[in-house]
Amino acid sequence: DTVPRLALNDGHTIPQLGFGVFKVDPAETTRIVTDALKVGYRHIDTAAIYGNEKGVGDAIADSGIARDELFITTKLWNDRQGTQSAFDAFEESLEKLGLEEVDLYLIHWPAAKNDRYVESWKALEKIRESGRARSIGVSNFLVPHLTRLMEETDIVPAVDQIELHPAHQQPETTAFAHKSGIQIEAWGPLGQGKYPLFEEPAVTRAAHAHAKSPAQVVIRWHLQRGNIVFPKSNSKQRMAENFDVFDFALTGAEEQAITALEREGRVASHPDDVN
Ligand code: NAD
């Protein structure tokens, strides 16, 4: 196995590098996830709202890969937060994925204005108890959301999946999560292609020095910082490129130069603006 596994606070482990399917066309998802599995990815990150869980499930079923070699994550959408609605949404996700259980189930956003994330978390705790989600976690939770959850519920989330890339590193949330035993999953690890990360000298210099691409350098930076990542690409060639990051290491100075690209450069929505 080339991909390292990180320990979660519930005794399970997670492959540190996976494949994400946000904005992957449902009609193309089976083909794209099949390609990703052929490249070697075993960790797939989807969500109910992506509309492509069925495509992910079909690719898994067609692959013949043993279930215990795969790590599958999906997420509860905001409008299903609550108790019974969360149970129902979870069942629908399992059904679409064609799975008996998922490896990780997340609350997709706090949607704090609706004030149902604590109630929803208690539903996820029950789902975990039932064994049908081995691990449970959250996404887009900032320190106040994590703090409240830990004060009012029993299980500490296994992960917090947040927007994180060199221009937006969320040091506060990351430090708080790590102190609390929560692993950080970095979504938009390549900045979603929305700013010229791949032209930054700190990135291109390291790429040149190691004969790697800028994308490989950024993925490597995440791995060395302890982040779980699942870059997305529809192209099999880029999937393979993004997976080929275990034969080199950034020096401390290279890593620091990329860390210095922080500029609070959020490329997507602030969690308080998503409901
Ligand atoms: P990303 O940072 O992975 O960027 C994807 C973009 O980068 C694609 O458009 C692709 O064209 C480009 N790209 C990929 N590989 C490349 C390469 N080797 N060279 C050049 N360009 C390359 O962004 P993302 O897809 O938003 O994030 C990854 C995953 O994170 C998603 O697929 C999804 O699973 C998850 N995610 C979660 C949330 C959330 O709210 N929890 C939000 C967004 C994304």
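The rules behind each value
Residues numbered from 1 in each chain as written. Predicted model: local features only at pLDDT ≥ 70, side-chain atom pairs only at ≥ 80, totals over all residues. Near = placed C-beta within 6 Å. Helix = DSSP H or I, 4+ residues; strand = E, 2+ residues; numbered from the N terminus. Buried ≥ 20, exposed ≤ 12 C-beta atoms within 10 Å, placed from the backbone. Pairing = 2+ DSSP bridges. UniProt positions renumbered as here; feature names shortened; annotations may be inferred. Contact = placed C-beta atoms within 7 Å. Core = buried A, V, L, I, M, F, W, Y, C linked by C-beta atoms within 7 Å. Arc of directions from axis to C-beta. Right-handed = clockwise from strand over helix to strand, strands pointing away.

It is worth spelling out the site of the ligand at this point. Taken together, the neighbourhood of the ligand is formed by 24 residues, with Gly20, Phe22, Leu190, Ala215 and Lys232 sitting nearest. Looking at the shell around the ligand element by element, the count peaks at three residues for helix H9 (residues 236-243).

Right, let's get into unusual backbone geometry. Of note in this structure, Ala111 is not a glycine but carries a positive phi near 45°. Looking at Ala111, the number of C-beta atoms within 10 Å reads 21, which means it is buried. Despite not being glycine, Glu264 shows a phi value in the positive range, around 50°. On the secondary structure map, Glu264 appears in the segment after helix H10 (252-259). For Glu264, a count of 8 C-beta atoms within 10 Å translates into the label exposed.

Now for the sheet that holds strand E6 (residues 102-107). Spatial strand order, E3-E4-E5-E6-E7-E8-E9-E10: eight strands in an open sheet with parallel pairing. At either margin of the open sheet sits one strand with a lone partner, and together these are strand E3 (19-20) and strand E10 (228-229). As paired strands, strand E4 (residues 43-45) and strand E5 (residues 71-76) are joined by three bridges and run parallel to one another. Looking across to E5, one finds that His43 is bridged to Phe71.

A separate point is the UniProt feature "binding site: substrate" (unreviewed entry) in the protein chain. Per the UniProt annotation, the sites labelled "binding site: substrate" (unreviewed entry) are His108. Locating His108 in the fold gives a position in the loop between E6 and helix H4 (117-129). When neighbours within four sequence positions are excluded, His108 is seen to be in contact with Ala47, Ile49, Lys75, Leu76, Trp77, Asn78 and Ser139.

Glancing now at the environment of Val24. Tracing the chain through its elements places Val24 in the loop between E3 and helix H1 (26-39). What makes Val24 buried here is the crowd of 23 C-beta atoms within 10 Å. When the C-alpha atoms of Val24 and Tyr50 are compared, they prove to be 7.7 Å apart, with 26 residues separating the residues in sequence. Not counting the four nearest positions on each side in its chain, Val24 is found in contact with Thr29, Ile32, Asn52, Lys232 and Asn234.

Time to look at the nonpolar core. One recurring pattern in soluble globular proteins is that nonpolar side chains are buried together. Val33, Val102, Tyr105, Leu124 and Val218 are the most contacted members of the largest nonpolar core, which totals 73 residues. With six residues, helix H8 (residues 214-224) is the largest single contributor of residues to this core. Setting aside chain neighbours within four positions, we find Val33 in contact with Val21, Ile44, Gly55, Val56 and Ala59.

Our focus in this paragraph is helix H7 (residues 201-210). Residues of H7 that are buried: Ala202, Val203 and Ala206. The arc that holds the buried residues of H7, viewed along the axis, is 95°, so those residues lie on one side. Those residues of H7 that are exposed and angled more than 90 degrees off the buried face are Pro201 and His208. On the buried face of H7, the contacting elements are H8 and H10. Of the residues one or two after H7, Ala211 is the one with positive phi, at around 50°.

A word on the pairing of E5. On a regular strand, each side chain points to the face opposite its neighbour's, so the side chains alternate between the two faces of the sheet. Burial analysis of E5 places six of its six residues in the buried class, which makes it a mostly covered element. With helix H2 (residues 53-63) bridging E4 and the parallel E5, this β-α-β connection has right-handed handedness. For the crossover from E5 across helix H3 (residues 84-97) to E6, the handedness is right-handed.

A few words now on the UniProt feature "site: Lowers pKa of active site Tyr" (unreviewed entry) in the protein chain. Within the UniProt annotation, "site: Lowers pKa of active site Tyr" (unreviewed entry) is assigned to Lys75. Mapped onto the elements of the fold, Lys75 is located in strand E5. For Lys75, a count of 26 C-beta atoms within 10 Å puts it in the buried group. Sequence-distant contacts of Lys75, defined by excluding residues within four places in its chain, comprise Ala47, Ala48, Leu106, His108 and Ser139.

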